[in-house]
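A look at the structure
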Amino acid sequence: MEYRNDIRNVAIIAHVDHGKTTLVDALLKQSRIFRDNQRVGELIMDSGDLERERGITIMAKNTAVVYKGVTINIIDTPGHADFSGEVERVISMADGCLLLVDSVEGPMPQTRFVLRKALERGLKPILVINKTDRENARVPEVLAATQDVFLELATSAEQLDFPVVYASGKEGVATTDPTTPGTDISPIFEAILATVPPPRVESGPFQMLVSNLDYDSHKGQIAIGRIWRGEIRRHDSVVRVNADGSVVPYEIAEVFTYLGLRRVETEQASAGDIVAITGVQGVSIGDTIASPEKPEALPRIEVGEPTVEMTFGVNTSPFAGREGRFSTTRQLRERLYRELETNLSLRVSDTAGTDSFLVKGRGELHLAILIETMRREGYEFEVSRPKAIVKTVDGRLQEPMELLTLDTTDESIGVLTDMLAKRQAQLADMRNMGEGKVRLEYRIPTKGLFGFRSAFLTVTRGEGVMNTNFIGYEDWHGDLPSNRAGVLVSSETGAAVTYGLNNAQGRGLTLVEPNTPVYEGMIVGLTQRPQDIAINVCKEKKKTNVRASVSDFTIHLTPALVLSLEQSIDFINDDELVEVTPQNVRLRKKILTETMRLRARAPTHRMES
Ligand SMILES: Nc1nc2c(ncn2[C@@H]2O[C@H](COP(=O)(O)OP(=O)(O)OP(=O)(O)O)[C@@H](O)[C@H]2O)c(=O)[nH]1
Ligand SMILES: [Mg+2]
């Protein structure tokens, strides 16, 4: 067997926020692939709009640097558990990984998840204790705790023999000796060269697994992946091997490899290279592209099952068709099914109702990001309340469970314990993290998590950090009563006015500002009462001939409460919907008129025969 010493393929994996993308910045900047005067900024790989706005990585991406004549292909992955499918999607391109662990937080549930995936795949790990510049870094404890995780997950003694690098991605320094501060990031490069095995080269007819897709308006679809066997040149004839073994022929247009943030056209690429190729259309992630001489499919990429579902439907609100560019069933359907080509842990299916689709994902954030992306593309539609995906195993109803990790302060424990008991959570672990900080771990049904995030942030005044990880299915824990109070529902269609909103504020908090167009059945506020209240927020003060008293002129409205898209999705009940358009996110009752709602609620009369 031959090896290519001019290449290393390495994935960067970690729990959310442990500094993966920042470390990639340092690797890119210090490998001198940018011109000296080029401004490159921060979190360079987080190039998506939503990634920049939220400061999180959503999609795995690759880049490459050259160090001592060796091309190092670097794959940055997301750390948020909802995007675990991305890690599973790209990890097969690598032969080794950098496992980052925050020197204060230590190993977290997602650290364990991604390390398990990497070890199962046989990746050679390098442990990076990161953010060592942090004030209360606990390097020795974090190292010991991470070693325990390795002990638990390693499948061979060899996997326990990993190098450790201490780094601050932010300061761009690393060292292998914790007592000697680093001066640059080169110890990471050196560890990669020494530890990550060079790719094995299999000679024979071309074969590559598509791990990512891109699109170029001139070149069409771009398939990205690692070549496993043989080589490829432009104008080569290839076939796409489908899941059923059938093949579709293509001619390769161009072949690119990576350098920094650019794709560089190349004459020829071979086994071990990560390439982007054009000329193949209609490809999905997981497809194999191979030489027609030997059209064998590589094992498809397996990703974890979705746990949360919601329906996406055509917008049925009275304002439908006003704000979106794409609003028909056909457009919605086409867009959702297209998403499946790249979003591997997503599932879409038709429903009995012809105007809506069932969409399943790995968590609320996974689905919320899809909704936000679609609305920015100009789609308008409505979505239902998320539900945990239940299944029947051996005749027993089962539901998904999560490990919930909360980092908070001592004072919040009491309130959180009460809140979580109502959501069927069980305390699994409680650790004192020093200085009044605690880490709580709960086992909780996925359904119990809906609406919890915003409640948790309120309780901890935005200071708490919460993480969830899917741990498996368990027997159904019983129904959960809705713990939300009623809402204020507009009884009219028109524009909300100060007078009407002021009345509404007598009953609760309002969600709309004066002059906002509202419709009958739209949710315009929240109450403390258990029941919904229909209210006319368009109501003007009666005009009288009598001069108004001074107080009438000076109505001071409390500013409307603005719910984000995720909060809106979290907030609604089963009889409600979120209407999403490029300009607005509105909440509404499914049934718009109060009479019809009351009729639907009333016990149905049995027909006497
Ligand atoms: N003190 C300190 N902060 C860091 C360091 N590296 C990253 N950060 C900060 O940690 C936060 C998260 O950094 P990212 O690089 O986006 O983390 P990530 O692991 O890529 O996050 P996800 O991709 O969303 O999982 C940012 O606010 C960074 O500025 C470091 O070495 N030291
Ligand atoms: Mg990142």
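This section reports on the structure supplied with the text. (Residues numbered from 1 in each chain as written. Chains lettered and ligands numbered in written order. Predicted model: local features only at pLDDT ≥ 70, side-chain atom pairs only at ≥ 80, totals over all residues. Heavy atoms only, no water.)

Thoughts on the site of ligand 1
Put simply, the rule reads: Put simply, a residue is near a molecule or strand once any heavy atom of it comes within 4 Å of that molecule or strand. The definition of a polar contact used here is a pair of N or O atoms within 3.5 Å, where within protein one atom must be able to donate a hydrogen and the other to accept one, and adjacent residues in sequence count solely through side-chain atom pairs. Method for areas: the Shrake-Rupley scheme with a 1.4 Å probe, in which residue coverage is limited to the protein chains shown. Under the scheme used here, helices are H or I runs from DSSP no shorter than 4 residues and strands are E runs no shorter than 2 residues, and both carry numbers assigned from the N terminus. Classification convention: Asp, Glu, Lys, Arg as charged; Ala, Val, Leu, Ile, Met, Phe, Trp, Tyr, Cys, Pro as nonpolar; all other residues, Gly among them, as polar.
Near ligand 1 lie 18 residues; those nearest to it are Lys 20, Thr 21, Thr 22, Thr 57 and Asp 133. In this structure, an oxygen atom belonging to ligand 1 sits 2.7 Å away from a side-chain N or O atom of Thr 57. For ligand 1, an oxygen atom lies 3.1 Å from a polar atom in the backbone of Lys 170. Burial of ligand 1 by the surrounding chains reaches 84%, relative to a free accessible area of 650 Å². In terms of residues, the shell around ligand 1 owes the most to one element, helix α1 (residues 20-30), which gives three residues. Class assignment of the residues belonging to the shell around ligand 1 gives a composition of three nonpolar, nine polar and six charged.

Side note on the coordination of the magnesium ion (ligand 2)
Note on metal sites: the ideal angle is 109.5 degrees for four tetrahedral donors, and 90 or 180 degrees for six octahedral donors. As a reminder, the rule being used: For Na, K and Ca the donor cutoff is 3.2 Å, while for all other metals N, O and S atoms must lie within 2.8 Å; water is not among the atoms, so some sites may look incomplete. Note on classification: 1.4 Å probe, protein chains only; a residue is buried when its accessible area is under 20% of the maximum for its type, exposed when over 50%, partly exposed between these limits.
Around the magnesium ion (ligand 2), the protein contributes the donor atoms Thr 21 (OG1) and Thr 57 (OG1), which lie 2.0 Å from the metal centre. On the criterion of sequence distance, the pair formed by Thr 21 in helix α1 and Thr 57 in the loop between α2 (49-54) and β3 (61-67) is long-range, its members being 36 residues apart. As far as burial versus exposure is concerned, Thr 21 and Thr 57 are alike and both buried.

Side note on the environment of Pro 197
For clarity, the cut-off: Contacts are assigned to residue pairs that have any heavy atoms within 4.5 Å of one another.
The topology assignment puts Pro 197 in the loop between α6 (186-195) and β9 (200-201). The spatial distance from the C-alpha of Pro 197 to the C-alpha of Thr 77 is 20 Å, given a sequence separation of 120 residues. Setting aside anything within four residues of it in sequence, one finds Pro 197 in contact with Arg 8, Asp 95 and Lys 124.

A look at the packing of aromatic side chains
Quick reminder of the rule: In this analysis, rings of Phe, Tyr and Trp, with Trp reduced to its six-membered ring, are considered paired at centre separations within 6.5 Å, and the interplanar angle assigns stacked below 30 degrees, edge-to-face beyond 60, and tilted for intermediate values. Definition used: whenever NZ (Lys) or CZ (Arg) falls within 6 Å of the ring centre and also within 35 degrees of the ring normal, the charge is taken to sit over that ring.
Counting across every chain of the model gives seven aromatic pairs. Residues Phe 319 and Tyr 519 carry aromatic rings whose centres are separated by 4.9 Å and whose planes lie at 85 degrees to one another, so their mutual orientation is edge-to-face. In this pair, Phe 319 sits in the loop between β20 (308-313) and α7 (329-339) while Tyr 519 sits in the loop between β33 (517-518) and β34 (523-527), placing the two residues 200 residues apart along the sequence. Classification of Phe 319 by relative accessible area gives buried; the value is 5%. Directly above the aromatic system of Trp 228 lies the positively charged group of Arg 226, at a separation of 4.2 Å from the ring centroid. The ring of Phe 571 has Arg 484 sitting right over it, with the charged end atom 4.3 Å from the ring centre.

Describing the packing of helix α4 (residues 109-120) against helix α5 (residues 139-153)
The cut-off we apply is this: Each axis is a line fitted through C-alpha atoms, taken for helices only over the stretch in contact, and angles between the N-to-C directions span 0 to 180 degrees. For classification purposes, an angle smaller than 35 degrees is called roughly parallel, one larger than 145 roughly antiparallel, one from 65 to 115 roughly perpendicular, and anything else oblique. Handedness of a crossing is defined here by the sense of rotation of the near helix relative to the far one, left-handed for an anticlockwise turn of less than a right angle and right-handed for a clockwise turn.
Where α4 contacts α5, the two axes come as close as 10 Å, and the packing angle between them is 45 degrees. Of the possible angle classes, the one that applies to α4 and α5 is oblique. α4 and α5 meet at a crossing whose hand is right-handed. Contacts between α4 and α5 pair Arg 112, Leu 115, Arg 116 and Leu 119 from the former with Val 149, Phe 150, Glu 152 and Leu 153 from the latter. Within the contact of α4 with α5, the residues separate by chemical class into five nonpolar, no polar and three charged.

A closer look at the side chain of Asp 570
What counts here: His is not counted here, nor are the chain ends, while Lys and Arg score as positive and Asp and Glu score as negative. Just to be clear on terms, a salt bridge is a Lys or Arg side-chain nitrogen sitting within 4 Å of an Asp or Glu carboxyl oxygen.
Along the chain, Asp 570 falls in helix α14 (residues 565-571). No salt bridge is formed by the buried Asp 570. Its closest oppositely charged neighbour is Arg 453, at 6.4 Å. Within polar-contact distance, the side chain of Asp 570 engages the backbone nitrogen of Gly 451 at 3.1 Å. The residues contacting Asp 570, other than those within four sequence positions of it, are Glu 364, Phe 450, Gly 451, Phe 452, Arg 453 and Ser 454.

Section: the pairing of strand β7 (residues 164-168)
Our working definition: We call two strands paired when DSSP finds no fewer than two bridges between them. Convention used here: a crossover is right-handed provided that the path from the first strand, over the helix, to the second strand proceeds clockwise when the strands point away from the viewer.
Burial of β7 is extensive: five of the five residues sit out of reach of the surface. Two strands pair when backbone bridges link them, and strand β6 (residues 124-130) and β7 are joined in this way by three bridges, in the parallel orientation. Within β7, the residue paired with Ile 129 across the bridge is Tyr 166. For the crossover from β6 across α5 to β7, the handedness is right-handed. Hairpin connection of β7 to strand β8 (residues 173-175): four residues between the antiparallel strands, including Gly 172 at a positive phi of 70 degrees.

Observations concerning the sheet that holds strand β32 (residues 508-510)
Spatial strand order, β32-β34-β30-β35: four strands in an open sheet with mixed pairing. Each end of this open sheet is capped by a strand with a single partner; those strands are β32 and β35 (533-535). Ignoring strand direction, the axes of neighbouring strands in this sheet form an average angle of 30 degrees. Strand contacts of helix α12 (residues 498-505): β30 (487-490), β32 and β35, with the helix running at about 145 degrees to β32, the strand carrying the most contacts.

Observations concerning the pattern of salt bridges
Pairs can form between side chains of opposite charge whenever their charged atoms are close. Counted according to the given criterion, the structure contains 41 salt bridges. Across the salt bridge formed by Arg 4 and Asp 273, the nearest N and O atoms sit 3.0 Å from each other. With a gap of 269 residues between them, Arg 4 in the loop between β1 (2-3) and β2 (7-14) and Asp 273 in the loop between β17 (268-270) and β18 (274-278) connect regions that are remote in the sequence. Like Asp 273, Arg 4 is buried. The salt bridge partner of Asp 102 is Lys 131, with a shortest N-O separation of 3.4 Å.

Some details on the sheet that holds β2
Sheet architecture is open: seven strands sit in the order β3-β4-β2-β5-β6-β7-β8, paired in mixed fashion. Only two strands of the sheet have a single partner each, and these edge strands are β3 and β8. Strand after strand, the sheet turns through a mean of 30 degrees between neighbouring axes, direction not considered. Where β3 and strand β4 (residues 70-76) come together, seven bridges link them in antiparallel fashion. Within β4, the position partnered with Thr 63 by the bridge is Ile 74. Taken strand by strand, α1 contacts β2, β3, β4 and β5 (96-102), and its axis lies near 150 degrees from that of β2. On top of the sheet, α6 reaches β2, β3, β4, β5, β6, β7 and β8; it is set at about 165 degrees to β6, its chief contact.

With respect to a nonpolar patch on the surface
Short version of the rule: Two distance rules govern patches: like charges are joined within 9 Å, and nonpolar side chains (Val, Leu, Ile, Met, Phe, Trp, Tyr) within 5 Å, applied only to residues with over 30% relative accessible area and no salt bridge.
Among the surface-exposed residues, Val 390, Leu 397 and Trp 476 lie close enough to one another that they form a single nonpolar patch of about 230 Å² accessible area. Note on placement: Val 390 falls in the loop between β24 (387-388) and β25 (391-393). Judged by relative accessible area, Val 390 falls into the partly exposed class, the value being 36%.

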